[in-house]
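Below are the chains, spelled out letter by letter.
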Amino acid sequence: ILNAVKAVGKRIGQVRIAVNGAGASALSVSRLLLKSGVKDIVICDTKGILYKGRSVGMNPFKDKIADLTNLTGMQGQLKDAVAGADIFIGLSVPGALSQDMVRSMAKDPI
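Cut-offs and rules
- Residues numbered from 1 in each chain as written.
- Predicted model: local features only at pLDDT ≥ 70, side-chain atom pairs only at ≥ 80, totals over all residues.
- Heavy atoms only, no water.
- Salt bridge = Lys/Arg side-chain N within 4 Å of Asp/Glu carboxyl O.
- Helix = DSSP H or I, 4+ residues; strand = E, 2+ residues; numbered from the N terminus.
- Buried < 20%, exposed > 50% of the residue type's maximum accessible area, 1.4 Å probe, protein only.
- Axes fitted to C-alpha atoms, helices over the stretch in contact; angles between N-to-C directions.
- Parallel < 35°, antiparallel > 145°, perpendicular 65-115°, else oblique.
- Left-handed = near helix turned anticlockwise from the far one by under 90°.
- Contact = heavy atoms within 4.5 Å.
- Core = buried A, V, L, I, M, F, W, Y, C linked by side-chain atoms within 4.5 Å.

1. With respect to the pattern of salt bridges
Step number 1: If you walk through the whole model with that rule in mind, you get six salt bridges.
Step number 2: Two residues, K10 and D86, come together in a salt bridge whose shortest N-O distance is 2.8 Å. You can see K10 sitting in the loop between α1 (2–7) and β1 (16–20) and its partner D86 sitting in the loop between α4 (78–82) and β4 (87–90), a full 76 residues away along the chain. An identical accessibility class is assigned to K10 and D86; each is buried.
Step number 3: Between K79 and D80 there is a salt bridge whose closest N-O contact spans 3.7 Å.
Step number 4: With relative accessibility at 30%, the residue D80 sits in the partly exposed group.

Set out below in structure tokens:
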């Protein structure tokens, strides 16, 4: 991710990352990204975007990561998280990301 961000002329602290999946791998990757300087991460699970205060489909691990990510309180589904995102990380089922979603991402998406 760090090299890809440099390659497209962006700064790690200024990108928005959409992560699809909220299992152990997605939560660990998200924590590593936060430690690497990423400030804006939006994580989705099968119920939609994780946000502080969401009651449906949450558990203690998702609650904890929701406190650290999605600082704007974005709500909705994967398509909403991906729209305008600089980076997409898929850690869930295949086929979740559509071509239309990729087209909705920021310029020079990763």
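2. A word on the packing of helix α2 (residues 24–35) against helix α3 (residues 60–68)
Step number 1: Contact geometry for α2 and α3: axes closest at 11 Å, N-to-C directions at 25 degrees. In this view, α2 runs roughly parallel relative to α3, as classed from their interaxial angle. Pair α2 / α3 crosses with left-handed handedness. In this structure, α2 uses L27, S30, R31 and L34 to contact α3, whose residues at the interface are F61, I65 and L68.

3. Considering the side chain of K62
Step number 1: Mapping K62 onto the fold places it in helix α3.
Step number 2: Given the relative accessible area of 13%, K62 is considered buried.
Step number 3: For K62, the residues in contact, after removing those within four places along its chain, are A22, D45, L50 and G57.

4. Focus on the environment of G37
Step number 1: Among the secondary structure elements, G37 is positioned in the loop between α2 and β2 (40–45).
Step number 2: It is 9.4 Å that separates the C-alpha atoms of G37 and R11, two residues lying 26 residues apart in sequence.
Step number 3: Setting aside anything within four residues of it in sequence, one finds G37 in contact with I12 and G13.

5. Examining the nonpolar core
Step number 1: Core analysis: the largest hydrophobic core is formed by 17 residues, its most contacted members being I17, V19, I41 and I43.
Step number 2: Looking at this core element by element, the count peaks at three residues for α2.
Step number 3: When neighbours within four sequence positions are excluded, I43 is seen to be in contact with V19, G21, A22, L27, S30, G48, I49, L50, I65 and T69.
Step number 4: Among the nonpolar cores identified, the runner-up in size contains 11 residues, and I49, A85, F88 and M101 belong to it.

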